[in-house]
Amino acid sequence: MDKNFKKNKAAKAKAEEEALSSILCWVAAGSVLEFFLILLNRYWSHYRVAEIQFRVGPLETMVKVMAFLFLAAAAGGAYWWKKEGMKRRLPLAVSLVTLGASAGCFAAWLVGESGIVALSTMVPGIVVLAILYYLYQREFFLVACQSALALMGIWMCDRGLGGSQEIFCWLYVALAMVLVAGSVWFCRLLQRNKGAVQWKGREVKLLPKEANYLPLYVGALVSLAILACALISLPAMALYAVVVAWLLVMAVYYTVKLM
């Protein structure tokens, strides 16, 4: 009994250490990417009079070149990560940061300031979702992902509908709806397989057998409805309030489940 207790305690301590290391890695990578995007926005969109020559000359060329260089670096990082068995954090961090930097350069080049600002808004949200993944229940993580897609849709539609960026709002909402619908299919798959999926010939447990899937399906419906309402320009503050209220209700529900 004592030996099993010590073994379980050691395994739990190791799992907690792994989770903390992963969280720190996500925070560090997010901070580096956010700093790059802020710096890019400063010199691309808010340049001073003395910097005009630099902005319309070298910087414009550099951003176009860096967009493809960072994309190649992201592909190299992804290959490195796969070669290492998809367990090392550094290759994954390199791949994600360079992919985000490439997206930032393409956004500056093709969209302008609003594209950079949108990416700068997404980065902290992704880091928060990663922290939830390691610290909280997986069911709540899925609910939070659905709600995050809805919140970003509200933000984009509130800023872009009726303006020159309207097409990007429609594209984002369409993609977000596909992802939310995909989460329903994924949850249905997990429900049929008692929380597990088959990966490379072995069973991977993602959710507990006793997981309640109803909040996940309701969360998907809420997110889809919010995205549709954002497209028809309903008041953004009311839509934000609905999503935040839903997240608070789910946070309380899953916290009570832990007790």
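Further up the page is the structure itself.
Scope of this entry: the structure provided in the associated data block. Fair warning: this is a prediction, and the values are worked out from it, not measured in the lab.

Side note on the overall build of the chain
When helices and strands are counted, the chain shows eight helices and two strands. Counted from the first residue to the last, the chain has its helices and strands arranged as α-α-α-α-α-α-β-β-α-α. Across its three principal directions, the C-alpha atoms of the chain cover 75 × 45 × 30 Å. Evaluated residue by residue, the chain yields a buried proportion of 34% over its 259 residues. Pairs at least 24 apart in sequence give 69% of the contacts found in the chain among residues at least 6 apart. Of the roughly 15600 Å² of accessible surface on the chain, 70% is carried by carbon and sulfur atoms.

Notes on helix H5 (residues 138-160)
Counted at 1.5 Å a residue, the expected span for H5 with its 23 residues is 33 Å, and the 33 Å between its end C-alpha atoms agrees. In terms of residue burial, H5 counts as a mostly covered element, since 17 of its 23 residues are buried.

A closer look at the pairing of strand S2 (residues 202-205)
Every regular strand shows the same layout, with side chains that alternate between the two sheet faces. Inspection of the sheet shows strand S1 (residues 196-199) paired to S2 by four bridges, in the antiparallel sense. Note on S2: the bridge partner recorded for Trp 199 is Arg 202. Between S1 and S2, which follow one another and run antiparallel, lie two residues, and Lys 200 among them has a positive phi close to 55 degrees.

Quick look at unusual backbone geometry
The backbone phi angle of Lys 194 is positive, close to 55 degrees, even though this residue is not glycine. Secondary-structure assignment places Lys 194 in the loop between helix H6 (166-192) and S1. The residue Ser 233 is not glycine, and still its phi comes out positive at about 65 degrees. Within the secondary structure, Ser 233 is located in the loop between helix H7 (214-231) and helix H8 (236-258). Assessed through its relative accessible area of 52%, Ser 233 is described here as exposed.

What counts, and where the lines are drawn
Residues numbered from 1 in each chain as written. Predicted model: local features only at pLDDT ≥ 70, side-chain atom pairs only at ≥ 80, totals over all residues. Heavy atoms only, no water. Helix = DSSP H or I, 4+ residues; strand = E, 2+ residues; numbered from the N terminus. Buried < 20%, exposed > 50% of the residue type's maximum accessible area, 1.4 Å probe, protein only. Contact = heavy atoms within 4.5 Å. Areas by Shrake-Rupley, 256 points an atom, 1.4 Å probe, with all protein chains shown as cover. Expected span 1.5 Å × (residues − 1). Pairing = 2+ DSSP bridges.

Shape is all these values report; function is a separate question.
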